[in-house]
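One letter stands for each residue in the lines below.
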Amino acid sequence: MGRRVVVTGIGLICGVGNTTDETWKNLLAGKSGVARITQFDVSNFACQIAAEVKNFDPLNFVEKKELKKMGRFIHLALAASDEAMKSSGLQITPELSTRAGVHIGSGIGGFDIIEREHSNLLTGGPRKISPFFIPAAIVNLAAGHVSIRYNAKGPNEATCTACTSSAHSVGDAFKIIARCDADVMIAGGTEAAITPMGVGGFGAMRALSTRNDEPDKASRPWDTGRDGFVIGEGAGIMILEELEFARRRGAKILAEVVGYGMSGDAYHITQPAEQGDGAYRVMVNTLNDAKVRPSEVGYVNAHGTSTDLGDKLETVAIKRTFGDHAYKLAVSSTKSMTGHLLGGAGGLEAGITVLALRDQRLPPTINLEHPDEGCDLDYVPNHARQASLEYAMSNSFGFGGTNGALLFRRWDE
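Note that the structure is a prediction, hence the values are computed from the model and not measured.

The rules behind these values
Residues numbered from 1 in each chain as written. Predicted model: local features only at pLDDT ≥ 70, side-chain atom pairs only at ≥ 80, totals over all residues. Heavy atoms only, no water. Salt bridge = Lys/Arg side-chain N within 4 Å of Asp/Glu carboxyl O. Helix = DSSP H or I, 4+ residues; strand = E, 2+ residues; numbered from the N terminus. Buried < 20%, exposed > 50% of the residue type's maximum accessible area, 1.4 Å probe, protein only. Core = buried A, V, L, I, M, F, W, Y, C linked by side-chain atoms within 4.5 Å. Pairing = 2+ DSSP bridges. Contact = heavy atoms within 4.5 Å. Axes fitted to C-alpha atoms, helices over the stretch in contact; angles between N-to-C directions. Parallel < 35°, antiparallel > 145°, perpendicular 65-115°, else oblique. Left-handed = near helix turned anticlockwise from the far one by under 90°. Nonpolar A, V, L, I, M, F, W, Y, C, P; charged D, E, K, R; others polar.

K.L.:
I would appreciate a short explanation of the pattern of salt bridges in the present structure.
P.N.:
Counted according to the given criterion, the structure contains 30 salt bridges. Its salt-bridge partner being R247, residue E244 comes within 2.8 Å of it at the nearest N-O pair. Here the residue E244 and the residue R247 both occupy positions in helix 8 (residues 243–248), the gap between them amounting to three residues, near one helical turn. In this structure E244 comes out as partly exposed when scored by relative accessible area, which is 35%. R247 sits in the partly exposed class, given a relative accessible area of 35%. Between R410 and D412 there is a salt bridge, with its nearest N and O atoms 3.8 Å apart. Among the ionic contacts, a cluster of salt bridges with common partners joins R4, E256, E390, R409, R410 and D412.

K.L.:
Help me understand the nonpolar core in this model?
P.N.:
One recurring pattern in soluble globular proteins is that nonpolar side chains are buried together. Counting 44 residues, the largest nonpolar core has V7, I10, M238, L240, V354 and F408 as the members making the most contacts within it. Going through the elements one at a time, strand 1 (5–13), helix 1 (20–28), helix 6 (165–178), strand 6 (184–191), strand 7 (234–242), strand 8 (255–264), helix 12 (345–359) and strand 14 (402–410) are the ones with two or more residues in this core. Counting 33 residues, the second-largest nonpolar core is a separate cluster that includes M85, L141, A152 and A192.

K.L.:
Even after reading the chapter, I still don't get the pairing of strand 4 (residues 100–105), so can you show me in this structure?
P.N.:
Along any regular strand the residues' side chains alternate between the sheet's two faces. By the criterion of burial, strand 4 is predominantly enclosed, with six of the six residues buried. Alternating residues of strand 4 divide into A100, V102 and I104 and G101, H103 and G105, and every residue in both groups is buried. Examined bridge by bridge, strand 4 and strand 6 share six bridges and lie parallel to one another. Along strand 6, the bridge assignment pairs I104 with G188. The pairing of strand 4 with strand 5 (residues 156–157) spans two bridges and is parallel. Directly across from V102, in strand 5, lies its bridge partner N156.

K.L.:
Just checking my understanding: could you explain the sheet that holds strand 8 for this structure?
P.N.:
The pairing of strands in a sheet comes from backbone hydrogen bonds and takes either a parallel or an antiparallel form. Overall, mixed pairing links the ten strands, which are arranged 5-4-6-7-1-8-14-13-9-10 in an open sheet. Both edges of this open sheet fall to strand 5 and strand 10 (330–332), since each of them pairs with a single strand only. Sheet topology places strand 9 (residues 297–301) next to strand 10; three bridges connect them, and they run parallel. Within the sheet, the bridge partner assigned to V300 lies in strand 10 and is V331. On the sheet, helix 10 (residues 308–322) packs against strand 9, strand 10 and strand 13 (391–398) and is oriented at approximately 135° with respect to strand 13.

K.L.:
Honestly, the packing of helix 2 (residues 72–88) against helix 5 (residues 141–150) in this entry has me stumped. Any pointers?
P.N.:
The description of two helices packed together rests on the angle between their axes and the distance between the axes. Between helix 2 and helix 5, the least distance of the axes is 9 Å, while the angle of their chain directions is 40°. Here helix 2 lies oblique to helix 5, going by the angle between them. Handedness of the crossing formed by helix 2 with helix 5: right-handed. Counting all contacts with helix 2, which are made through F73, I74, A77, L78, S81, D82 and M85, the residues of helix 5 involved are L141, A142, H145, V146, R149 and Y150. Class assignment for the residues of the contact of helix 2 with helix 5 results in nine nonpolar, two polar and two charged.

Put into structure tokens, the structure is as follows:
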């Protein structure tokens, strides 16, 4: 069966908050983090809106001389990891260091650095490329910097599986502890792809909302008025510990990780499989891993990106997975407020799911005014509510048909 794994710390930073408490408070209040993009001139872009992290000063987490040696995705990961570690009360001592690891995913990594250095190449030639270009941009350097900062010498990994990256990172970290390869893992994801190439690339696919005149209403999962997703940025990091280790050090336990599943659509590079097949199988795999019945789950934090096919087929997959119980489930998409963090989404939403269990509160799906045909589940529309939850699931699906889901249990000694 493997060892039991619990969550003892959470660090969240995204468009609705720069700390976990601020993020959670604003999510429960139904506050949107979407606004006009400020990081570059968007006057020539069809999509001019995103869920940027606001008033973020990386110098609070990174020394000035180190700043340009890291992409923004690394800055955000360090900020979220700092909060997660402080909230957990964990100290990685020399004796613990080889049993403490890091697993932080990202779908894109340092897009900002790639664009900056490509510009340097075009204007000044190869001699103008920074010697820090590669380590500032590559995906695994978020995990690398976090491991160096906290002296975590155990497993050091990074998953790059599109929008499922950090769900896979949390799940893989869970399994690393369960099979006794570590006692502690700093796990989650980070993304900072609100750049000209990021917004331009998704815009060229016509994947983004262009509701530029009403940015706070642009992300609207399951609503007939949705016209694409809204890109977001940020990071979600959790501290995972083996249960008995956490108990011995007197840690405050927030929830237990009980299930993790993966699946592949093997269907299309961007479209979900027919009948939500991959999403259905990943949820079933997760329930089977946890040995939990569908009827025991009370809440699903959905992938829910605000795209036509994705929203409909996730609904179909939930109905297939949970049967009649699907209509008793609460299902919400916090992307309606945070935007879509791409590879960072799973880490952020796993943290949100744990907070929902901790506080027995359901964050809403905002902007849901006219549910689309077939989208007839309880999406917790527009207002948060109290709940009585034992188990909650977080879904993540990515380009290439890569899927991951996590199941958490309310902690009660």
